[in-house]
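# Working through the structure, step by step
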Amino acid sequence: MIDKNNVARIHRNVTCPFCSLLCDDLVVKNKTGQLKVLSNGCSIAKSQFEQTQLPVKPGINGKEVTLDDAINHVINIFRKSRQPLIAGLGTDVAGMRAVMELADKTGAIVDHMYSDGAMRNIKVMQDHGWMMTTMAEIKNRADLIIFAGTDGITNYPRFYERVIWNKNSLFNIDIKQREIVYIGDHLNTSAGKNPSGRLPTSINCKQEQISEIVATLHAMIVGNKIQEQHVAGVKLQVLEKLAERMKQARYGVIVWAPGELNHPHAELTIQAICQTIKYLNRTTRFSGFSLAGNDGGITAGNVSAWLSGYPLRVSFAKGYPEYDPYKYTIRNVLNKKEVDTLIWISSFTATVRPPKANIPTVVLATPATKLHFRPEVIIPVGTPGVDHGGQLFRTDSVIALPLKQVRTTKYLNVAEILNRVVKSL
Ligand code: SF4
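### Thoughts on the overall build of the protein
A tally of regular secondary structure across the protein gives 12 helices and 21 strands. Seen along its three principal axes, the alpha-carbon backbone of the protein occupies a region of about 70 × 60 × 35 Å. The long-range share in the protein, meaning contacts at least 24 apart out of those at least 6 apart in sequence, stands at 64%. By element, 49% of the accessible surface of the protein is carried by carbon and sulfur atoms, the whole surface being about 19000 Å².

### As for the packing of aromatic side chains
Tallied over the entire structure, the rule returns 9 aromatic pairs. Relative to Y160, the ring of F159 lies with its centre 6.3 Å away and its plane at 90 degrees, an arrangement referred to as edge-to-face. Like Y160, F159 is buried.

### Some words on the packing of helix α7 (residues 210-222) against helix α9 (residues 267-280)
Contact geometry of α7 with α9 gives a least axis separation of 9 Å together with a crossing angle of 20 degrees. Comparing the axis directions of α7 and α9 gives the class roughly parallel. As for the relative orientation of α7 and α9, their crossing is left-handed in sense. Residues I210, S211, V214, H218, I221 and V222 of α7 touch α9, and the partners they reach there are L268, T269, A272, I273, Q275, T276, Y279 and L280. Its residues assigned to classes, the contact of α7 with α9 comprises 9 nonpolar, 5 polar and no charged.

### Quick look at the domain arrangement of the protein
Domain boundaries in the protein define domain 1 (8-49), domain 2 (59-114 + 295-424) and domain 3 (118-290). Between domain 1 and domain 2, the C-alpha centre-to-centre distance is 25 Å. In this assembly, 16 residues from domain 1 lie in contact with 17 residues from domain 2. In total, domain 1 and domain 2 occlude about 1400 Å² of area from one another, counting both sides; carbon and sulfur atoms represent 64% of this. The interface formed by domain 1 and domain 2 contains 0 salt bridges. Seen at the junction of domain 1 and domain 2, the total is 5 residue pairs in polar contact (both at pLDDT 80 or more). Residue contributions to the side of domain 1 that touches domain 2 peak at 4 residues, all from strand β1 (residues 8-14).

### Thoughts on the site of the ligand
Taken together, the neighbourhood of the ligand is formed by C16, C19, L21, L22, C23, C42, I44, A45, P157 and R158. Tallied by class, residues from the shell around the ligand come to 9 nonpolar, no polar and 1 charged.

### Considerations on the packing of helix α2 (residues 67-80) against helix α12 (residues 414-424)
Between α2 and α12, the shortest axis-to-axis distance is 10 Å and the interhelical angle comes to 50 degrees. What the angle tells us is that α2 and α12 run oblique. As α2 packs across α12, the resulting crossing turns out to be right-handed. Within the contact between the two elements, α2 uses D68, I71, V74, I75, F78 and R79 and α12 uses I417, R420, V421 and S424.

### Details of the sheet that holds strand β14 (residues 285-290)
With respect to topology, 5 strands assemble into an open sheet ordered β10-β9-β8-β13-β14, the strand pairing being parallel. Each end of this open sheet is capped by a strand with a single partner; those strands are β10 (201-204) and β14. When strand polarity is set aside, the average angle formed by the axes of neighbouring strands in this sheet is 15 degrees. Here strand β8 (residues 144-148) runs beside strand β13 (residues 251-256); their pairing, made up of 4 bridges, is parallel. The residue of β13 that forms the bridge with L144 is G252. Across the sheet, helix α8 (residues 236-248) is in contact with β8, β9 (179-184), β10, β13 and β14; its angle to β8 comes to roughly 130 degrees.

### Remarks on the confidence of the model for the protein
Detailed reading of the predicted coordinates is not advisable wherever pLDDT is low. Per-residue confidence for the protein gives a mean pLDDT of 95, with 98% of residues at or over 70. Within the model, pLDDT remains below 50 along residues 1-6, and this stretch shows 7 contacts once partners closer than five positions in the same chain are excluded.

### Side note on the sheet that holds strand β17 (residues 341-346)
Across the sheet, which stays open at both edges, the 9 strands sit in the order β5-β4-β19-β18-β17-β6-β7-β15-β16 with mixed pairing between neighbours. Both outer strands of the open sheet, β5 (63-64) and β16 (322-323), are each paired with one neighbouring strand and no more. Inspection of the sheet shows strand β4 (residues 59-60) paired to β5 by 2 bridges, in the antiparallel sense. What sits directly across from G59, in β5, is E64. Its contacts with the sheet place α2 against β4, β6 (84-90), β17, β18 (361-365) and β19 (377-380), and it is angled at close to 130 degrees to β19.

### Details of the pattern of salt bridges
Summed over the entire model, instances satisfying the criterion amount to 15 salt bridges. Notably, a salt bridge pairs R245 with D143, separated by 3.6 Å at the nearest N-O pair. With R245 in helix α8 and D143 in the loop between α5 (135-141) and β8, this pair connects stretches of sequence that are 102 residues apart. Overall, R245 belongs to the buried group, its relative accessible area being 18%. For D143, a relative accessible area of 9% translates into the label buried. Linking R407 and D387 is a salt bridge whose minimum nitrogen-to-oxygen distance equals 2.5 Å. Taken together, the positions of R407 in the loop between β21 (400-403) and α12 and D387 in the loop between β19 and β20 (390-393) put the pair 20 residues apart, joining distant regions of the chain.

Analysis parameters
Residues numbered from 1 in each chain as written. Predicted model: local features only at pLDDT ≥ 70, side-chain atom pairs only at ≥ 80, totals over all residues. Heavy atoms only, no water. Helix = DSSP H or I, 4+ residues; strand = E, 2+ residues; numbered from the N terminus. Contact = heavy atoms within 4.5 Å. Areas by Shrake-Rupley, 256 points an atom, 1.4 Å probe, with all protein chains shown as cover. Phe/Tyr/Trp six-rings, centres within 6.5 Å; stacked < 30°, edge-to-face > 60°. Buried < 20%, exposed > 50% of the residue type's maximum accessible area, 1.4 Å probe, protein only. Axes fitted to C-alpha atoms, helices over the stretch in contact; angles between N-to-C directions. Parallel < 35°, antiparallel > 145°, perpendicular 65-115°, else oblique. Left-handed = near helix turned anticlockwise from the far one by under 90°. Nonpolar A, V, L, I, M, F, W, Y, C, P; charged D, E, K, R; others polar. Domains from an automatic or database assignment. Buried area = accessible area lost by both parts, 1.4 Å probe. Salt bridge = Lys/Arg side-chain N within 4 Å of Asp/Glu carboxyl O. Polar contact = N/O pair within 3.5 Å; in protein donor to acceptor, adjacent residues only side chain to side chain. Near = heavy atom within 4 Å. Pairing = 2+ DSSP bridges. pLDDT = per-residue confidence, 0-100.

Here it is, written out as structure tokens:
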């Protein structure tokens with residue numbers, strides 16, 4: 001729609017690609033290329049959409065070059081490489097499909113910048129299975145929501161607005177009856193206050209003690225007697241009360257953010273949560289919900305899974321996809337010098353810092369990115385959902401949201417660049 005003065009274009013129902021909630025209700029004005037979020041954007045969305053698009057040229061070893069020269073240089077690097085690593089993977093579905101094609105053609109290892117968190121989830125899903133829910137189900141059904149090790153708002157600013165204190169729901173549930181519980185430390189619990197002023201319950205313990213708390217809750221729910229009076233510094237009565245409330249819930253949800261459970265063997269915390277949820281489903285409905293996958297993390301995992309059969313940390317070096325969540329990590333293969341080329345992709349946020357490696361490095365990044373080293377090749381790329389259309393998967397992985405182009409750009413997108421490289425190899 002063109003505004004009265006015929007100088008600005010208003011885009012409605014814009015999907016925001018800057019966290020994995022993918023809010024799809026933003027209104028964004030484009031006035032001669034400068035964007036303004038008019039409504040529904042959080043502070044992250046505003047700062048990202050409203051950044052001025054910088055005029056950045058491709059470069060080879062610090063010297064400005066044409067885009068064709070930069071792409072030809074990348075092709076030459078790949079021709080000489082015996083073991084490339086394609087990492088970062090901050091891109092959309094089309095970009096990730098191109099990554100997989102390039103990996104298949106060049107025998108590359110593929111890993112996302114946030115795989116450490118994702119793998120905590122995947123290990124649990126692969127070993128034990130889990131029962132998960134969606135944003136729509138929380139919004140329409142949940143009466144008890146327990147946040148374990150995350151406050152759900154620091155990294156996902158509109159989570160409460162969209163699914164917890166939502167104004168409308170399919171079954172007209174009374175959201176004022178919704179109960180919020182936090183388990184962990186250093187959590188911002190202010191968003192857990194309901195619209196009538198009812199405060200959430202907070203159970204304070206260190207992040208690495210959450211599994212102890214959850215295992216105790218599980219034991220109580222099963223019917224075991226606990227001899228201790230305190231668990232992880234928390235009074236037993238507090239946990240008894242919560243265990244009883246969990247049994248009485250009509251639709252309970254435990255929310256965690258695998259990237260925020262950043263302690264050794266955090267997958268065991270997620271495992272304890274998932275086992276408790278499974279047990280509760282003998283008598284009521286209870287589900288898990290994972291907040292994760294910013295910078296295209298969920299998308300990268302899904303595209304890798306449907307094209308290779310594995311959820312990232314995949315190597316194509318043997319001519320077929322080989323999965324190893326310990327061996328094929330960005331950190332491991334760079335530290336052990338198992339790769340001779342790095343191509344780093346980050347088309348959403350400018351603050352992502354690629355690793356510095358003493359091997360030929362190609363960076364495809366959003367133009368505002370400030371690098372702390374000089375890569376052999378740098379090519380600025382457009383951002384999905386801002387500079388070009390596309391699709392991204394949401395944190396609950398059940399839906400791929402369409403992304404709109406809301407401004408014109410001179411930058412190619414990741415898929416366009418990688419497809420040119422693939423065709424020339
Ligand atoms: S919560 Fe996330 S998806 Fe929603 S507007 Fe903010 S950054 Fe964008």
